[in-house]
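Fold and geometry: a report
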Amino acid sequence: MANLELVPVHTRILTHRDDIVEAIMHYAGQDIGPEDIVCVAESVVAITQGRITRPEELHPTWQARLLCRFVPAEGSMSSVYGMQSAMELDGKWKVFGAFILGAIAKVFRKDGVFYQISRAAALTDDVTGTMPPFDKHIVYGPKDADKVAERIVQRTGSYGAVVADVNDLKRAAVLGHSRGMDPKRIARILIDNPFGNDDQMTPIVIIKNFASISERQ
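Residues numbered from 1 in each chain as written. Predicted model: local features only at pLDDT ≥ 70, side-chain atom pairs only at ≥ 80, totals over all residues. Heavy atoms only, no water.

One open sheet holds the five strands; their spatial order is β1-β7-β2-β5-β6, and the pairing between them is mixed. The open sheet terminates on both sides in strands that have one partner only, identified here as β1 (5–9) and β6 (172–177). The mean angle between the axes of side-by-side strands here comes to 30°, regardless of whether they run parallel or antiparallel. Taken together, the five bridges between strand β2 (residues 37–41) and strand β5 (residues 160–166) define a ladder with parallel strand orientation. (Pairing = 2+ DSSP bridges. Helix = DSSP H or I, 4+ residues; strand = E, 2+ residues; numbered from the N terminus. Axes fitted to C-alpha atoms, helices over the stretch in contact; angles between N-to-C directions.)

This part covers the pairing of β2. Here β2 lies mainly inside the structure; five of its five residues are buried. Burial along β2 is two-sided: the face carrying I37, C39 and A41 and the face carrying V38 and V40 are both buried. (Buried < 20%, exposed > 50% of the residue type's maximum accessible area, 1.4 Å probe, protein only.)

Below, the discussion takes up the confidence of the model for the protein chain. Summary statistics for the protein chain give a mean pLDDT of 89 and a share of 93% for residues scoring 70 or more. The least confident element of the protein chain is helix α10 (residues 210–216), whose mean pLDDT is 77; the most confident is helix α8 (residues 145–156), at 97. (pLDDT = per-residue confidence, 0-100.)

Moving on, we come to the nonpolar core. I20 and I186 are the most contacted members of the largest nonpolar core, which totals 37 residues. Secondary structure elements with two or more residues in this core: α1 (20–28), β2, α2 (42–48), α8, β5, α9 (183–189) and β7 (204–208). Those residues in contact with I186 that sit more than four places away from it in its chain are I37, V162, V174, I207 and F210. One finds M87, A98, F114 and A121 within the second-largest nonpolar core, a separate group that totals 16 residues. (Core = buried A, V, L, I, M, F, W, Y, C linked by side-chain atoms within 4.5 Å. Contact = heavy atoms within 4.5 Å.)

Moving on to the packing of aromatic side chains. In this structure the tally under the stated criterion is seven aromatic pairs. Where Y159 meets F210, the ring centres are 6.1 Å apart and the plane angle is 40°; that geometry is what we call tilted. With Y159 in the loop between α8 and β5 and F210 in helix α10, this residue pair connects regions lying 51 residues apart in the sequence. (Phe/Tyr/Trp six-rings, centres within 6.5 Å; stacked < 30°, edge-to-face > 60°.)

With that settled, the discussion passes to a nonpolar patch on the surface. A grouping of I100, L101, I104, V107, F108 and I117 is seen on the molecular surface, where their side chains present a nonpolar patch of about 590 Å² in accessible area. It is helix α5 (residues 92–107) that provides the largest number of residues to the nonpolar patch, a total of four residues. Within the secondary structure, I104 sits in helix α5. For I104, a relative accessible area of 45% gives the class partly exposed. (Patch = residues over 30% accessible without salt bridge, like charges linked within 9 Å, V, L, I, M, F, W, Y side chains within 5 Å. Areas by Shrake-Rupley, 256 points an atom, 1.4 Å probe, with all protein chains shown as cover. Salt bridge = Lys/Arg side-chain N within 4 Å of Asp/Glu carboxyl O.)

Turning our attention to α1. Among all positions in α1, only I20, V21, A23, I24 and A28 are buried. For α1, the buried positions fall inside an angular range of 160° around the axis, keeping them on one side. Between a side-chain oxygen at the N-terminus of α1 and the backbone nitrogen of V21 the separation is 2.9 Å; the capping residue is D19. (Arc of directions from axis to C-beta. Polar contact = N/O pair within 3.5 Å; in protein donor to acceptor, adjacent residues only side chain to side chain.)

As assigned here, the protein chain comprises domain 1 (5–51 + 141–215) and domain 2 (53–134). A straight line from the C-alpha centre of domain 1 to that of domain 2 covers 26 Å. (Domains from an automatic or database assignment.)

This is the structure we're talking about:
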């Protein structure tokens with residue numbers, strides 16, 4: 001009887017010159033079966049889409065300089081460049097307004113409103129937030145993550161695919177998924193962060209035997 005197994009896939013450093021779907025085929029295609037789910041780290045998807053910038057290319061506004069002071073140091077938005085990068089995507093007044101609404105919501109003990117409104121703020125990784133050599137870059141969130149997941153399924157013949165944001169703090173979220181996937185269930189499977197975006201260079205994870213196990217449950 002098949003068991004659920006998480007298999008990290010080693011790659012070289014992927015860049016904006018790579019197509020993430022073709023990279024998956026090259027490094028993992030022979031290991032992907034019709035009952036498997038292909039998972040790929042959101043930061044690597046964003047990098048292959050060219051959604052990166054260097055801090056020196058940004059020109060922080062007074063809004064970014066003000067708001068970043070109120071963000072805990074471990075967050076990407078605590079950096080003036082991280083905050084400015086979110087404003088570049090969502091617009092400075094949208095981010096500013098989202099921050100004010102988020103602060104008001106906290107008074108009523110409701111967290112996360114800022115990041116719910118400003119998705120760019122939620123998905124942006126500040127410098128040091130991803131693997132070298134991109135640890136000197138700000139990495140935006142991936143674009144059209146659902147479409148990326150559908151392309152992976154079509155190309156690999158897998159049961160499903162997801163683009164996931166997972167860290168070592170037991171936080172996991174599925175940002176994009178192919179049709180029929182339950183993003184919350186997949187996030188729970190990935191909660192222990194099987195990805196390795198640093199020296200491990202394993203930004204792809206295959207969840208083996210998912211379909212057959214789901215049928216038994």
